[in-house]
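An overview of the molecular structure
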Amino acid sequence: GESVGLHLPTLSVQEGDNSIINCAYSNSASDYFIWYKQESGKGPQFIIDIRSNMDKRQGQRVTVLLNKTVKHLSLQIAATQPGDSAVYFCAENMRGGGNKLTFGTGTQLKVEL
Amino acid sequence: DAGVIQSPRHEVTEMGQEVTLRCKPISGHNSLFWYRQTMMRGLELLIYFNNNVPIDDSGMPEDRFSAKMPNASFSTLKIQPSEPRDSAVYFCASSFQIAGELFFGEGSRLTVL
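Residues numbered from 1 in each chain as written. Chains lettered and ligands numbered in written order. Predicted model: local features only at pLDDT ≥ 70, side-chain atom pairs only at ≥ 80, totals over all residues. Heavy atoms only, no water.

**Concerning the packing of aromatic side chains**
Counted under the stated rule, the structure contains 10 aromatic pairs over all chains. A ring pair is formed by A:Tyr36 and B:Phe104, whose centres lie 5.6 Å apart and whose planes are at 85 degrees; its orientation type is edge-to-face. Of this pair, A:Tyr36 sits in strand β3 (residues 30-38) while B:Phe104 sits in strand β10 (residues 103-104), each in a different chain. Assigned by exposure class, A:Tyr36 and B:Phe104 land together as buried. On the numbers, 5.4 Å between centres and 85 degrees between planes, the contact of A:Phe103 with B:Tyr35 is edge-to-face. Taken together, the residues span two chains, with A:Phe103 in strand β9 (residues 101-103) and B:Tyr35 in strand β4 (residues 31-38). Members of the aromatic cluster, connected to one another through ring pairs, are A:Tyr36, A:Phe46, A:Phe89, A:Phe103, B:Tyr35, B:Phe91 and B:Phe104. Directly above the ring of A:Tyr32 sits A:Arg51, whose terminal nitrogen or CZ lies 4.1 Å from the centroid. (Phe/Tyr/Trp six-rings, centres within 6.5 Å; stacked < 30°, edge-to-face > 60°. Helix = DSSP H or I, 4+ residues; strand = E, 2+ residues; numbered from the N terminus. Buried < 20%, exposed > 50% of the residue type's maximum accessible area, 1.4 Å probe, protein only. Lys NZ or Arg CZ within 6 Å of the ring centre and 35° of its normal.)

**Digging into the interface of chain B and chain A**
Each side of the interface is counted separately: chain B has 25 residues, and chain A has 22 residues. Between chain B and chain A lies a buried interface of about 1,900 Å² when both sides are counted; carbon and sulfur atoms form 55% of it. At the surface where chain B touches chain A, the tally comes to 0 salt bridges. The interface formed by chain B and chain A contains 3 residue pairs in polar contact (both at pLDDT 80 or more). Sorting the residues of the side of chain B that touches chain A by element identifies β4, β5 (42-50) and β9 (88-95) of chain B as the ones contributing at least two each. (Contact = heavy atoms within 4.5 Å. Buried area = accessible area lost by both parts, 1.4 Å probe. Salt bridge = Lys/Arg side-chain N within 4 Å of Asp/Glu carboxyl O. Polar contact = N/O pair within 3.5 Å; in protein donor to acceptor, adjacent residues only side chain to side chain.)

**Considerations on the sheet that holds strand β7 (residues 65-71) of chain B**
All names here are of chain B. Spatial strand order, β1-β3-β8-β7: 4 strands in an open sheet with antiparallel pairing. At either margin of the open sheet sits one strand with a lone partner, and together these are β1 (5-7) and β7. Pairs of neighbouring strands in the sheet enclose a mean axial angle of 15 degrees, with direction left out of account. Bridge count for β7 against strand β8 (residues 74-79) is 5 bridges, and the pairing is antiparallel. In the strand pairing of β8, Phe65 is matched with Ile79. (Pairing = 2+ DSSP bridges. Axes fitted to C-alpha atoms, helices over the stretch in contact; angles between N-to-C directions.)

**Regarding the sheet that holds strand β2 (residues 19-24) of chain A**
All names here are of chain A. Here 4 strands make up an open sheet; going across it, the order is β2-β7-β6-β5 and the pairing antiparallel. Single-partner strands in this sheet number two, and they are β2 and β5 (56-58). Direction aside, neighbouring strands of the sheet carry axes that sit 15 degrees apart on average.

**A short note on the state of the cysteines**
As enumerated under the stated definition, the model contains 2 disulfides over all chains in all. The disulfide partner of A:Cys23 is A:Cys90, and the S-S distance across this bridge is 1.6 Å. Note that A:Cys23 is positioned in strand β2 and A:Cys90 in strand β8 (residues 86-94), a separation of 67 residues in sequence. What makes A:Cys23 buried here is its relative accessible area of 9%. Each disulfide pairs two cysteine sulfurs, and for B:Cys23 the partner residue is B:Cys92, the sulfurs being separated by 1.9 Å. Note on the B:Cys23 and B:Cys92 pair: the S-S dihedral is about -70 degrees, so by sign convention the disulfide is left-handed. In this pair, B:Cys23 is assigned in strand β3 (residues 19-24) and B:Cys92 in strand β9, connecting sequence segments 69 residues apart. (Disulfide = S-S within 2.5 Å.)

**A look at unusual backbone geometry**
Note that the residue after B:Ser7, namely B:Pro8, is joined by a cis bond; omega there is -10 degrees. Between B:Gln80 and B:Pro81 the backbone carries a cis peptide bond, its omega angle lying at -5 degrees. Of note, B:Pro81 is situated in the loop between β8 and β9. Despite not being glycine, A:Arg61 has its phi angle at roughly 65 degrees, a positive value. As for its position among the elements, A:Arg61 is in the loop between β5 and β6 (62-67). Residue class for A:Arg61 comes out partly exposed when judged on its relative accessible area of 30%. The backbone of B:Asn52 shows a phi angle near 75 degrees, a positive value even though the residue is not glycine.

In structure tokens:
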């Protein structure tokens, strides 16, 4: 029979609006988090990172918020553009885990004109 | 600047055949990673190397999979014999520092018939 794939959560936003993509991470020992963007047919691309000693970090049009109490990470994209349409992954690295990043399942962001 | 270079970009083969995927990391990076991406399981870490030495291969599915890094500028992921369930996109990534930003290649899309 046909295999069932992962059901990616989808976020649809209007061009120019702000986007918020959420991620729940699993390991309380994780101390480093990264957001990646993957466009169709391409490899994941680094967007922004944050270490566990911070709760907020800003980049160009993007902000990452970290809430360690509830193990929650969010990515905010300001003034969303059509070029932001992609799948967004959060990834975590466990303290003492070497360079081993564990990726979440991803969220599909669709920007409507 | 050249990024991570993977070859082949696409490969179609028959069950039982040997498959070799190749990766050239970014010059100066000392960590190299092989990931597999499928709809069913998302992005999975197969193995990673630090300074050409395999550090963690716990993600390698089974003995049919093997990876080598004979020098700092080249790595291979081999599947022998290949099976239809190995069909996926295989990504190579490299980084400069422990738990640092990963730079992904464009991926090798493998189809095993």
